[in-house]
Amino acid sequence: SGGSSLIGLPVQVEPNSFFSHDTDMDITLPAICSMAPRQKILLLDQSREDVRCFIEQMGKYDIVVAKTPGELEEIASCGSDADLVVLDLDSLGKDWEKTCRRLHMTTGFRELPVVIVTRDNSAEIEAAAFQAGASELLRKPFHPVVMKARLGKQLEMKRSIRVLENMARIDSLTEVHNRRQFDISLQSEWQRCRRAGAPMSLLMIDIDFFKNFNDHYGHDRGDDCLRSVAGLLCDALQRPDDMLARYGGEEFAVILGATDHDGAAFLAERCRAQIAQANILHRFSRVADKVTVSIGYATIYPAEGAHPEQLINTADQALYEAKAAGRNRAIGQAGHSINNILGLFPV
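First, a word on what this report is: a plain description of the structure on this page. Nothing here was measured: the structure is a model prediction, and the numbers come from that model.

Moving on, we come to the sheet that holds strand β2 (residues 61-66). Strand order across the open sheet formed by five strands is β2-β1-β3-β4-β5, with parallel pairing between neighbours. Unpaired on one side and paired on the other, β2 and β5 (136-139) mark the two borders of the sheet. The mean inter-strand angle of the sheet, taken between neighbouring strand axes irrespective of direction, is 20°. Bridge count for strand β1 (residues 39-44) against β2 is six bridges, and the pairing is parallel. Pairing of Q39 across the sheet is with Y61, part of β2. On the sheet, helix α6 (residues 123-131) packs against β4 (114-118) and β5 and is oriented at approximately 145° with respect to β5. Packed on one face of the sheet, helix α7 (residues 144-169) meets β1, β2, β3 (84-88), β4 and β5 and runs near 160° to β5.

This is the structure we're talking about:
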């Protein structure tokens, strides 16, 4: 939940090679991820069990069976984290194209590969299947080797896409979320808190006099410092849903859903103390002889007519005040929104 990965390797020599950065080691996905989560296949099969039996014989996959398109949509909308959809065309009837297109446009299916299975050998069916959004077409009766290879290829591609998506969300230096993922998560959490009528808080964190650190210790040490601070901030977070991101340069941000002003104040001070207590040497800081951070935090009740930028601006203003007050401290302000009465008064 914190963004870490679990890898499994078959024999003792391979972990040693991996952690010693052996450049000759083969770390292709199928070889290295022997402890990766089992991939999940959603199967729509209204009448027969032959498709399911065949997939079960392939092993190492979790199978979720739906009897109707509506049931399949419901499963996907509940966050099933599926990797592949298999549709038995022969059980869908004459409206199969309409069903496939609707599923393809449904949230939860748009990014999933869809494999269509049918007994029809016509070229028209094949063309219609791909036009309806299919990624692969398999014909009955199944040839075990061919079906296993084709399903395996779709699942391998989906796994690779997930890896690339994860890489696109992570800052390569600090290995926390990047600015792009921050923007996405902020919007998502804003909408979630608005629907629940819950408060939302944001921490903006800046390393004090980091330019002096870089100028005197060098950029390699500066990068080490950023990685250390990111790790310490991760340790300070208390809930899996609390989201840390590198906002830019030496600045970090923490999104706190369903968190009031007091909760944000507690976590902000915890983060500040965590960094100070690490005693990372910084002789060229004007605050102390160690690395410290300044933190601005803000809380708002998201409402119609309000925007997440209001929360960012308020937290930024609080960060500015923390710096002006001498740094190495956390200062907070309550945000404003239409329905936030408490936010109309300074805290």
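Okay, back to it.
Membership of the largest hydrophobic core comes to 30 residues, with the highest contact counts inside it found for L203 and F252. Of all elements in the fold, only β6 (200-207), α9 (210-217), α10 (219-236), β8 (251-257), α11 (261-277) and β9 (293-300) reach the threshold of two or more residues within this core. Of all the elements, α10 adds the most residues to this core, at seven residues. Apart from residues no more than four positions distant in its own chain, L203 is found in contact with F252, A253, V254, L256, A264, L267, A268, C271, I295, G296 and Y297. Of all hydrophobic cores here, the second largest spans 23 residues; its members include L87, L89, L92 and A132.

Quick look at the packing of aromatic side chains now. In total, this model carries four aromatic pairs according to the counting rule given. An angle of 5° between the planes, with centres 6.0 Å apart, marks the rings of F210 and F213 as stacked. Taken together, the residues F210 and F213, both in helix α9 and three residues apart, mark about one turn of the helix. Consider the rings of F213 and Y217, whose centres lie 4.7 Å apart with planes at 50°: the pair is tilted. Here the residue F213 and the residue Y217 both occupy positions in helix α9, the gap between them amounting to four residues, near one helical turn. Each of the two residues, F213 as well as Y217, counts as buried.

A few words on helix α5 (residues 96-105). If you check which residues of α5 are buried, you get W96, T99, C100 and L103. Projection of α5 onto a plane perpendicular to its axis shows the buried side chains occupying an angular sector of 100°, all on one side. α5 presents K98 and M105 as exposed residues on the side facing more than 90 degrees away from its buried surface.

Following the criterion strictly, the structure yields zero disulfides and no others. Free cysteine C271: the closest other cysteine sulfur is in C234, separated by 9.7 Å. A relative accessible area of 1% places C271 in the buried class.

Cut-off values and rules
- Residues numbered from 1 in each chain as written.
- Predicted model: local features only at pLDDT ≥ 70, side-chain atom pairs only at ≥ 80, totals over all residues.
- Heavy atoms only, no water.
- Pairing = 2+ DSSP bridges.
- Helix = DSSP H or I, 4+ residues; strand = E, 2+ residues; numbered from the N terminus.
- Axes fitted to C-alpha atoms, helices over the stretch in contact; angles between N-to-C directions.
- Contact = heavy atoms within 4.5 Å.
- Core = buried A, V, L, I, M, F, W, Y, C linked by side-chain atoms within 4.5 Å.
- Buried < 20%, exposed > 50% of the residue type's maximum accessible area, 1.4 Å probe, protein only.
- Phe/Tyr/Trp six-rings, centres within 6.5 Å; stacked < 30°, edge-to-face > 60°.
- Arc of directions from axis to C-beta.
- Disulfide = S-S within 2.5 Å.

The values reported here are purely geometric and, on their own, carry no functional implication.
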